[in-house]
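# Chain and residue survey
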Amino acid sequence: AKFASSVPLPGMILVAGQHLWNTSITFMGSAASRKVLLEPLSTVVRCLASLKVAEDSEDDLKEFCTKLYVLLFECLADAGRWSDGLSATEKSLKVLPPSCHKSLWDFRITFMGKLGKDTTAEMLKVKESGEAMVARVYATLAQSSSDKKQRFQAFSKAVAALESHPVPQVEYLVLLGEFLYSAGYPLQDAQDLLIAGADALLELDTTLADEDDASSRMGGSESDYKSTIAPPSTASYRPKSASKAGTKAGTMKSSSVAPTSKNGSVVAVGGAVSFNVGHLLELGRIYIMLAKMADSRTTAVENLLVSQHYLRRALVLSVDSLNLKSLEASLAAEAAGKDATDVPPQFPELPADLEGWIGYVLPAELTTRMADDRGKEKKVLNRRTAKKPDLLVAYLDWAISALLEHALQLHTLPLLAMLRFLAEHVLKNEDLQLYAWLWTASVYRALGLAPEAAAAQQSAAALQMSEERERRLAETVRQREGLKETVRAASVVFMQREGESQAMPKGPSRESDKFVKVLTPLEPHEVWVRQAELLLEAGDLSEAKMILQRALTHAKATDDSEAEAWCLHHSARLAALEGNPTRAVQFEMSAQAYTNTLRFWGRSTEALAEYMVEQAAAALGNASVDNAIKVIEKSASVFEGVSDGHPNLATELQWYRSRLDVKAAEVGLVEAIRQDATGAALWGKMHAAADATIERAVGALTTLGGGPLLVRALLIQARLRSEPAARDLGGRQQQLKGALACLSRADEEAMAVALQARPATPMAALVLFPDSLLAIVKTRKAAATLDLAVEVRHAPWALEKRPEIPEFPEIEGRDASSVQAFLNPLNYLPNGGADPRMSREEAALVDATAARAIVRDPKLAADAQAQVGRALRLLAEQRGQLKKLWLPK
């Protein structure tokens, strides 16, 4: 290219540029590999500037030159050379015709934002390209700026640019809302923006409007959310309007009403637009963000169910649209008298209830037609209609994890089906496919569905990485390591030539805040980390170890410290499963040095405490239970400090703090029982500390809306109330009454969680975690009730003053009413104050029988059956129905 530009030979310069492009394709995939392209690409682009590219030039030439400039800008951005990038964009705007400028403005504004330059004059030029371009460039400026105030102003201007076009405006409302949330602005403002975006999209939903009109004509009142899968369970929710779904739109609501054309269609920037798959995906994203911002479990679950409804509906709309096309083609062929055998067949409707999704796999012919659809209506999910599919996968990943955390296992199945489709037909990523199938198998195992789990595991096995790909990945790592050395050497030379101000940065930083985790597309090694986690859960330790080693190598090569932390965290888990708690502690402590994101820190602290307890029990190393509790308390204090500078994370921080408190109380309880059994005198101090900790956790979790974690906390609190057992009769009865109060409350909470997660008619083989949790609560409640009944039977007046025996009434004549009143047991309430119409033994029998009826796990069923037998025996003893076959000697 240099010699050709000196001659000059424009054709030879172009050939050189094409050869460079073909050579560069291998290196375009990541910032690390693009660094090697910077020097040769700068030379070729400088030579290409001598070519005359005008509006009347061939489209291929204009497109090729534009792509070369864009690649150069990406390389300059990776290297942090903002001044060079700004100069290059200025030259490109002069060299290329105006029709090519659309792809260049984003980079020019980015470089100006990084340098802190005023963009007012540039934005005046951008306005000539239309409102949509103005909004896009402002959003780019906001994302490139490091100043919080400038980012807010840029996002606000992007929203304002599309004020008269509410549907395209939604994307920027969501971006602004996410920024306000992560930057610490008032949470209500962020929620208002998201709700305003949802309102704008719901104006397009004619199906929802028709349903609302029909319900209003019926005159009946309905809840703001209606189930569309399996009433009365919360299988799926559909809001009448977004403003009713939780937060009102406030001042933004007025701008969310979409203007309509004469035919009733909503007017967008490009004309009338109808409700399509992209809008459903955007609604799903909005409600996932609202769930992330929720201040209680109740609100979070509601928003998660609404998001699940819209995402599932995107699949339903896709199938319905394809079936409608097939029907129209069939009718057209019939009207023309042609053979309809070539018309694609119609597909069965997608499952209408949650249990229908069990074992359901989208047919291969259906997924192929969805992927190949090119309809202008954009009502079929595929690469054309799914904007930013990588980001959509990240949101799906978070939503599925959140649903599982809230014990809504069945609700994840439609989302897992969408994740598998996106991985195979949109992103065409085998690693992501494997991850989706492993996750599906994990959910099926948790549900007790062995055949479905085996089928999913078999699908995952077919996607195992080949030896050839392993070899290529290893070669890629070696190249990246070599590139890092080359870049370091080039950085030194560049610093000597240009000065310190233009020095290349050491590496890209993915997040500006070390605590806030913003949802971003998953990198390959992040997918591998999740694969390893699922394999550890399934017990495949050797495969998990191999994947963790690969993920850790790639995370180091790409300077992804958070991924390194997760690799070490799962390596610690692997060491613990292999029976080496000392090694597990070392891995976990090393992992904590890499990242401070809240989710990682909470899980890592719990795991570290668990390994320290195992190490102390095995009498290995220097760890002790006291150290484990101190680790948890230190992390809890860190969470308190973080909340001061991140008010929008208060709910999330409180949740993680409560999880750590529950873990600390559990560890303290076990240690107090151990110390009491060995005769240690200081067990009471440990017990009192654990009791205070669990009391704090129960209070916080109640404020957050309860859920499975609150049930777990109440179960631990009940054990702390009743263990270790008191030596005196009155103290033991007092302990059991305190434990029963906790268990009764846990029973109510577990019942609410189970009703929320259970379908209307659950399958016989279905094992739901909330049902198992409810059975555990009822079994323990029955056991505590029977213990109290036995204690009261042996010492009925241990806690109460023995009543004076009244004198037998005297009667005269034939009126014996006073004697009958004296003999009526309802007037005296025996059994220590229990109502004889439902004795403690009978109440325990009811709880144990209910636990046995709802549980599917054999061990839990055996525990419940044992309490049933115990209750029946005590009842028989009380009623004198036992007969001794062998008389005492």
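Keep in mind it's a predicted model, so treat the numbers as computed, not measured. (Residues numbered from 1 in each chain as written. Predicted model: local features only at pLDDT ≥ 70, side-chain atom pairs only at ≥ 80, totals over all residues. Heavy atoms only, no water.)

### Here's the deal with the overall build of the chain
Each helix and strand in the chain was counted, giving 36 helices and four strands. Evaluated residue by residue, the chain yields a buried proportion of 49% over its 889 residues. Put simply, of all contacts in the chain between residues at least 6 apart along the chain, 68% involve residues at least 24 apart. With an accessible surface of roughly 42,500 Å², the chain has 54% of that area assigned to carbon and sulfur atoms. (Helix = DSSP H or I, 4+ residues; strand = E, 2+ residues; numbered from the N terminus. Buried < 20%, exposed > 50% of the residue type's maximum accessible area, 1.4 Å probe, protein only. Contact = heavy atoms within 4.5 Å. Areas by Shrake-Rupley, 256 points an atom, 1.4 Å probe, with all protein chains shown as cover.)

### Concerning unusual backbone geometry
The omega torsion across E723 and P724 is -15°, close enough to zero to call that bond cis. Relative to the elements of secondary structure, P724 occurs in the loop between α30 (708–722) and α31 (729–757). Phi is positive for K378, which is not a glycine, with a value near 55°. Following the sequence through the fold, K378 ends up in the loop between α16 (364–372) and α17 (389–405). In this model, K388 sits at a positive phi of 50°, which is unusual for a non-glycine residue. By the secondary structure assignment, K388 is in the loop between α16 and α17.

### Looking at the pattern of salt bridges
Pairs can form between side chains of opposite charge once their charged atoms are near each other. Evaluated as defined, the whole model comprises 31 salt bridges. Between D676 and R727 there is a salt bridge whose closest N-O contact spans 3.6 Å. In this pair, D676 sits in helix α28 (residues 650–677) while R727 sits in the loop between α30 and α31, placing the two residues 51 residues apart along the sequence. Among the residues examined, D676 registers a relative accessible area of 18% and is labelled buried. When salt bridges with common partners are traced through the structure, they connect D747, K778, K781 and D847 into a single cluster. (Salt bridge = Lys/Arg side-chain N within 4 Å of Asp/Glu carboxyl O.)

### What about the confidence of the model for the chain?
For the chain, per-residue confidence averages 80 on the pLDDT scale, and residues scoring 70 or more make up 80% of the total. Contacts of residues 500–513 to residues separated by more than four positions or lying in other chains number 26 contacts, the stretch itself having pLDDT below 50. (pLDDT = per-residue confidence, 0-100.)

### Looking at the nonpolar core
Within the largest apolar cluster, 187 residues are counted, with the highest numbers of intra-cluster contacts made by L281, L381, M418 and L422. With sequence-adjacent residues up to four places away left out, L422 is seen in contact with L381, L392, V393, L396, L427 and K428. With 33 residues, the next largest nonpolar core counts L701, L709, L736 and A739 among its residues. (Core = buried A, V, L, I, M, F, W, Y, C linked by side-chain atoms within 4.5 Å.)

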